[in-house]
Amino acid sequence: MTLTEAALSRSQFTLSKNDTDLLLQADYQHLTHAWPVFRSKVNEDALLISGGAGARVFDASGRQYLDGMGGLWCVNMGYGRDEICDAVASQLRIMPYYSPADGLAHAPGVKLAEKIASLAPGDLNHVFFTCGGSTANDSALRFIEFYQSIRGKPQKRLVITRQRAYHGSTIMTASMGGNPAERSPHLRFVMDNFRQVSCPNPYRRPEGMSEEAFCDFLVDELRSKILDLGADNIAAFFAEPILGAGGVIVPPEGYNRRTWEVCREFDILYVADEVVTAFGRLGHFFASKEVFGTEPDMIVFAKGVTSGYQPLGGFIYSDAIHATLVAANYPYPLSNGYTYSAHPGACAAGLANIALMENEHICAHVRMEGAHFERRMKELADIGIVGEVRGSHFMIGIECVKDKDTKEPFDPSISVGDIVARHAGELGLIVRPLGSMIILSPPLVLSRGEIDEFARLLRLAILRCQEELVRDEKWGLASSDHVKS
Ligand SMILES: Cc1ncc(COP(=O)(O)O)c(C=O)c1O
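Residues numbered from 1 in each chain as written. Predicted model: local features only at pLDDT ≥ 70, side-chain atom pairs only at ≥ 80, totals over all residues. Heavy atoms only, no water.

Caption draft 1: Geometry of the overall build of the chain. Across its full length, the chain holds 15 helices and 15 strands. Relative to the compact-globule value of 23 Å for 485 residues, the chain shows a C-alpha radius of gyration of 23 Å, a close match. If you line up the chain on its principal axes, its C-alpha atoms span 70 × 60 × 45 Å. Buried positions account for 50% of the 485 residues belonging to the chain. Long-range contacts, defined as pairs at least 24 residues apart, comprise 72% of the intrachain contacts of the chain with a sequence gap of at least 6. When the accessible surface of the chain is totalled, it reaches about 21,900 Å², and 52% of it is carbon and sulfur. Here the chain contributes 47 positively and 59 negatively charged side chains, and the mean placements of these two sets differ by 1 Å. (Helix = DSSP H or I, 4+ residues; strand = E, 2+ residues; numbered from the N terminus. Rg over C-alpha atoms; globule rule 2.2 N^0.38 Å. Buried < 20%, exposed > 50% of the residue type's maximum accessible area, 1.4 Å probe, protein only. Contact = heavy atoms within 4.5 Å. Areas by Shrake-Rupley, 256 points an atom, 1.4 Å probe, with all protein chains shown as cover. Lys, Arg positive; Asp, Glu negative; His and termini not counted. Charge placed at Lys NZ, Arg CZ, Asp CG, Glu CD.)

This is the structure we're talking about:
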């Protein structure tokens, strides 16, 4: 029996129509979701996901979908992994919880920190656990402020981030981010300490500029920003190696390394936000050194560390930072931590997940099959409305445009991504819409056959979207040349 058949045979995946309707009614009445839209009636299109196996999930009616989102960039080892579930259950029976505060320790927390340190590049040997990616970036900010002050440089408070970055959803991390779609006019942001530089998006570089010249421009811009603000006032630079939620933006060749070098030159901490790129998505436990040739002072992680089976995040920092803090001999604590920092169940999930990744050689699988996924997705660039397919391995973004030659975007009111996602859903594939883009980050366990099925379904969904746009006169090129099957 395959994993999928085994999962399908478990009756808990299906609910009667009546039970489904009741749940959706209660959902409307009582559950305010993450990123909520305040509706005036039940969302009849809501998908009630009730189970999963491998790279597939099932809705309440038992319909199955290839999960192009890996939950939310996180179910790296796929659904139905008993090894992780059993490890969590057994840890909860032994010791479900105890305070994570200084002076107390528990085995799963210590073992996971030790394991992560062994996988991290360079001298990153110290792990601070939080409850997810936002709290990890938030804590990293506070940790850095504390560190700069303790080492006698309290004026080093400014943090540089990039436009279209996403670092989380707490008030501080939302303020660090630069995604215009996230900047609601009804919310305030705390911008005092944040300064931004350009988004390193080669697709949207100035007309006529080569990618090399664009990279020079970006590096020069960072250098000028530092000189303008004064290096003595800048604590850190935060960067996702590939920007995720901002639209899967792969910076120009050499950009990550060169910006890292600039930070070193000016004594500015380089923080790689690897919440998405770590734990296998690009074929390595951490992408910073192996893929981009950087050795950050800190790496932020979350999501794939437990494959989403338990909420957990954190950051890893260097021996050099640790040594400075120890040498200062400061008698008071850094006042930052959470009740559920290093939760024993979450740490047990992390340990079991990493063991599974190693036993199944998932990084090698991603380097081989993720490269195939990237190739198959890039073939979709021949479709009329597809302006660019970008990304790496199992982290891909597809940007649809009104005019391929001029890169003219669709009017945002058309929400092309939503149309593609609707057609994909009808075909049994879940993708994440983002304006005119489609974001893909499937479980890393996707097989060759599933990748090819994924490519076939997504091509069909984009073509159906294109036909719908032609029919509704929202896309001008009705010629059949543009409708390749
Ligand atoms: C790069 C990056 N950093 C931070 C976060 C925030 O993580 P969380 O949603 O676990 O708080 C995300 C979430 O998508 C992310 O993509």
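Caption draft 2: Up close: the site of the ligand. For the ligand, the full set of nearby residues is Gly 132, Gly 133, Ser 134, Asn 137, Tyr 166, His 167, Gly 168, Glu 240, Asp 273, Val 275, Val 276 and Lys 303. Contact between the ligand and Gly 133: an oxygen atom at 2.8 Å from a main-chain N or O atom of the residue. Within the side chain of Asp 273, one N or O atom sits 2.8 Å away from a nitrogen atom of the ligand. In isolation the ligand has 390 Å² of accessible area, and contact with the protein removes 84% of it. The biggest single contributor to the shell around the ligand is helix 6 (residues 133–150), with 3 residues. (Near = heavy atom within 4 Å. Polar contact = N/O pair within 3.5 Å; in protein donor to acceptor, adjacent residues only side chain to side chain.)

Caption draft 3: The nonpolar core, seen in detail. With 89 residues, the main nonpolar core has Phe 286 and Leu 458 as its most contacted residues. With 10 residues, helix 15 (residues 448–471) is the single largest residue contributor to this core. Each of domain 1 (3–77 + 362–482) and domain 2 (83–359) contributes no fewer than three residues to this core. In contact with Leu 458, other than residues within four places in its own chain, are Met 377, Leu 380, Ile 398, Val 420, Leu 429, Val 431 and Leu 440. Listed in part, the 23 residues of the second largest apolar core include Ala 140, Phe 143, Ala 235 and Val 275. (Core = buried A, V, L, I, M, F, W, Y, C linked by side-chain atoms within 4.5 Å. Domains from an automatic or database assignment.)

Caption draft 4: Highlighting the sheet that holds strand 14 (residues 432–434). Taken together, the 4 strands give an open sheet; going across it, the order is 11-12-15-14, and neighbouring strands pair in antiparallel fashion. In this open sheet, the two strands that pair with only one neighbour each are strand 11 (386–392) and strand 14. Averaged over all adjacent pairs, the angle separating strand axes in this sheet is 20°, with direction ignored. With 4 bridges connecting them, strand 12 (residues 395–400) and strand 15 (residues 437–440) associate as antiparallel partners. (Pairing = 2+ DSSP bridges. Axes fitted to C-alpha atoms, helices over the stretch in contact; angles between N-to-C directions.)

Caption draft 5: Spotlight on the packing of helix 4 (residues 82–94) against helix 12 (residues 344–359). The contact between helix 4 and helix 12 brings their axes to 8 Å, and the two run at 150°. The orientation of helix 4 with respect to helix 12, classified from their angle, is roughly antiparallel. You can see that helix 4 and helix 12 cross each other, and the crossing is right-handed. Where helix 4 abuts helix 12, its residues Glu 83, Ile 84, Ala 87, Val 88, Gln 91 and Leu 92 lie against Pro 344, Gly 345, Ala 348, Ala 349, Ala 352, Asn 353 and Leu 356. Considered class by class, the residues forming the contact of helix 4 with helix 12 number 9 nonpolar, 3 polar and 1 charged. (Parallel < 35°, antiparallel > 145°, perpendicular 65-115°, else oblique. Left-handed = near helix turned anticlockwise from the far one by under 90°. Nonpolar A, V, L, I, M, F, W, Y, C, P; charged D, E, K, R; others polar.)

Caption draft 6: Representation of the layout of surface pockets within the structure. Its boundaries defined by the atoms lining it, the second largest pocket holds a volume of some 1,100 Å³. Broken down by secondary-structure element, the contributors of at least two residues to the lining of the second largest pocket are helix 5 (107–119), strand 4 (124–130), helix 6 and helix 11 (319–328). If you tally residues by element for the lining of the second largest pocket, the top one is strand 4, at 5 residues. (1 Å grid on protein atoms, 1.4 Å probe; cavity = no way out; pocket = protein on both sides within 12 Å on 5 of 7 lines; lining within 4 Å. Points joined across faces, edges and corners; volume = space filled by probe spheres on them.)

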